[in-house]
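Listed below are the residues making up each chain.
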Amino acid sequence: MTAQVHCCIFLELSKELARKMEKKNVFYLILEQSGLNPTQVGTALQVFHNLGTLKDTIANVVDGYCTVLEENIKNALDIKVLTQPSQTVTRGGPGRAAMPTPGNTAAFRAALWTNMEKLMDQIYSACGQVQHLQKVLTKKRDPVSHVCFIEEIVKDGQSDILYKFWTAVTQTLSSQFQSATDSSMFLKQAFEGEYPKLLRLYNDLWKRLQQYSQNIQRNFNTSGTTDLFGELQQMEEDAQDIFMQKNEDYDPEKALKDSLQQYEAAYLSKSLSRLFDPINLVFPPGGRNPPSSDELDSIIKTIASELNVAAVDPDLSLAVAKNVAKTIQLYGVKSEQLALSVGPTAVLKDALHESLLTICSLSTQGDASQVIGPLTEGQRRNVAVVNSLYKLHQSVLKVISNQSSFPAAAEQTVTTALKAVHDLMGSAVQPLLNSVGDSVEAIIITMHQEDFSGSLSNSGKPDVPCSLYMKELQGFIARVMTDYFRHFECFDFVFDNTEAMAQRAIELFIRHASLIRPLGEGGKMRLAADFAQMEFAVAPLCRRVSDLGRSYRQLRSFRPLLFQTSEHIASSPALGEVIPFSIILQFLFTRAPPELKSPFQRAEWSIARYSQWLDDHPSEKDRLALIRPFVTRDVVPNRVDRVPGLPPWCHYNRQQCRGFLSLTEVPLSPGKATVKEQVQQEGADKDKFSLLLEKDTGSSEVTKQFLLADF
């Protein structure tokens, strides 16, 4: 009985001791003094587990940390404490708000940010201790019952202590920040105006917490004694570590930043105003001129400043990039009102400016496209607008390239807005390009007014170096480049547009050259000279004529065909690869006698109408479909007699002649039947066709091989 009484007394004394230790937060002191040593913390946990108060003790410790942090947050945001250095000893009367005195706002904000940095340190310290406590609870087991201590804490369905603690901290931050800024305009202005600074503190805190989670294993492995450390299991990836793994239902980082949402919205609104202000300033109502270089530099500096300040956070960078995109769009809208646009459809479309564009959209005006006299006032304004847009485009690109860690999504947002600026530049210059292109075509088509039927002179050289239309074309292109395009500062942009015009000019030149008839030997020499001079004519429109690609190769490849026989033309490697079949067919018609009319003549079309039809039908299949009926009806009549002047390889009846027809029956796309397969499907006999070729004495061996190979 005596032993039992002694045991009961011991148990009562132990419980009383545990209550006193719990009341005095002894375990809290152990955590503070242990230096986060897992051995010492584990020993303390074992003591409280033996006393049966582990769960209540842990709950009290976590609640204690939450209470301390709540007090820390209140003190950090206390406007009276923040303004104390600038206040006199006497306090204000009842109802008198504490606020910084004039001239001491800088001191107030310095004290505020010092407090915020201390607060982040306090949150980090408390989180580290709670996280460390949970790690030990997760790994520590009772040596007798082998029960893991964390199971004692969460067995009633309660959340893990780190989640509970973090939820309480983030909710306290949100409520205390809301309350403090509602009661103090100075705090609200500080957090809204310097939101990136506040966000950087939050990001730094989050990174420190994640870094601590990564280093905690090393702390476990290098702390404590061997006897208790043996009871700690080897640490694995811990699903309960909310700082390293995001839950689908809960994002701890988002929960931390939720307290900043109202300040972010206000900051972005003010950021957009700062970006818009310099643009509205340099585009006054009724203004007629684009911004000067200094004014544009001011806009670019504002854009760079906003992006640099927002670089503390990827999400903030993306949000500010969207503001920059809106700024670029606004600049484009203002510029479009100055320029003479190409039509009622505005290039820049945005919900913010759609109504403005509907009202202010500009239509084509005559002085935007004239190419007869010097630059008009409207054309000068268009040039100035394009140069201004180009400077903006290049400057913003440079700002983006200088960003050290610019998110891809943010860069894409700004790049999309810049593309709209580039399109607007094209719209401003398009009337001039269209007018120049029309004039070039009008000059080229006048080649049909000149006589190319003459014979070769005694000297064997053309009487003039080139035709009159070619001289006019060279002079016109040189003049428009000097009088109009040289005023543009965006040389690459200009060449990108004029090179397309040069390619178009070459295409038209070859097209109309293939339609000239009659074409004498002297005319061939003069036309060959025109081909050489055409390179000089389009040279001002491009960086190098050789950069014109296929158009340049066509120009070089077609010139020798002027002097080749029809047989050699049909076997030319440039046929199809470089020069379209339709062009060669047109050219072969010019060698026929007058009785054999060209397709456009049989259709009773003018050359201009035929050229327009070709522009409207760029597909080679459509063009060959137009020419083929005239080939089968005129070139290959259903008789064997020869037409004087027609190439020998065209003198076969409809079923026999395949050389000329092969040009209109080439495979136009993958999967189509070849010429040979098409002929075989029509029931032709290759052996019979070969015998007919052998009997023909008017065709050369090259022609026969060409026809037979095509079969």
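Scroll up to find the structure this text is about.
Heads up: these notes are all about the structure in this document. Remember, predicted model here, so these are calculated numbers, not experimental data. (Residues numbered from 1 in each chain as written. Predicted model: local features only at pLDDT ≥ 70, side-chain atom pairs only at ≥ 80, totals over all residues. Heavy atoms only, no water.)

### Here we look at the packing of aromatic side chains
Logical step 1: Counted according to the given criterion, the structure contains 17 aromatic pairs.
Logical step 2: A ring pair is formed by Phe-531 and Phe-558, whose centres lie 5.6 Å apart and whose planes are at 10°; its orientation type is stacked. One end of the pair, Phe-531, is in helix α21 (residues 521–538); the other, Phe-558, is in helix α22 (residues 550–561), with 27 residues separating them in the sequence.
Logical step 3: Among the aromatic residues, those joined into a cluster by ring pairs are Trp-113, Phe-177, Phe-191 and Tyr-263. (Phe/Tyr/Trp six-rings, centres within 6.5 Å; stacked < 30°, edge-to-face > 60°. Helix = DSSP H or I, 4+ residues; strand = E, 2+ residues; numbered from the N terminus.)

### Notes on empty space enclosed by the protein
Logical step 1: Considering all chains together, one arrives at five cavities of 30 Å³ or more under this definition.
Logical step 2: Counted as a void, the largest cavity has a volume near 60 Å³.
Logical step 3: Contributing to the lining of the largest cavity are Ala-368, Leu-375, Gln-379, Asn-382, Val-383, Ala-428, Val-429, Leu-432 and Phe-488.
Logical step 4: Put simply, the parts of the chain that give the lining of the largest cavity at least two residues each are α17 (377–401) and α18 (408–445).
Logical step 5: Looking at side-chain class alone, the lining of the largest cavity contains seven nonpolar, two polar and no charged residues. (1 Å grid on protein atoms, 1.4 Å probe; cavity = no way out; pocket = protein on both sides within 12 Å on 5 of 7 lines; lining within 4 Å. Points joined across faces, edges and corners; volume = space filled by probe spheres on them. Nonpolar A, V, L, I, M, F, W, Y, C, P; charged D, E, K, R; others polar.)

### Focus on the packing of α21 against α22
Logical step 1: Viewed as axis vectors pointing N to C, α21 and α22 meet at an angle of 160°, and their least axial separation amounts to 10 Å. The orientation of α21 relative to α22 falls into the category roughly antiparallel. Here the hand of the crossing between α21 and α22 comes out left-handed. Contacts between α21 and α22 involve Ala-528, Phe-531, Ala-532, Met-534 and Glu-535 from the first element and Tyr-552, Leu-555, Arg-556, Phe-558 and Arg-559 from the second.
Logical step 2: Here the residues of the contact of α21 with α22 are counted per class, giving seven nonpolar, no polar and three charged. (Axes fitted to C-alpha atoms, helices over the stretch in contact; angles between N-to-C directions. Parallel < 35°, antiparallel > 145°, perpendicular 65-115°, else oblique. Left-handed = near helix turned anticlockwise from the far one by under 90°. Contact = heavy atoms within 4.5 Å.)

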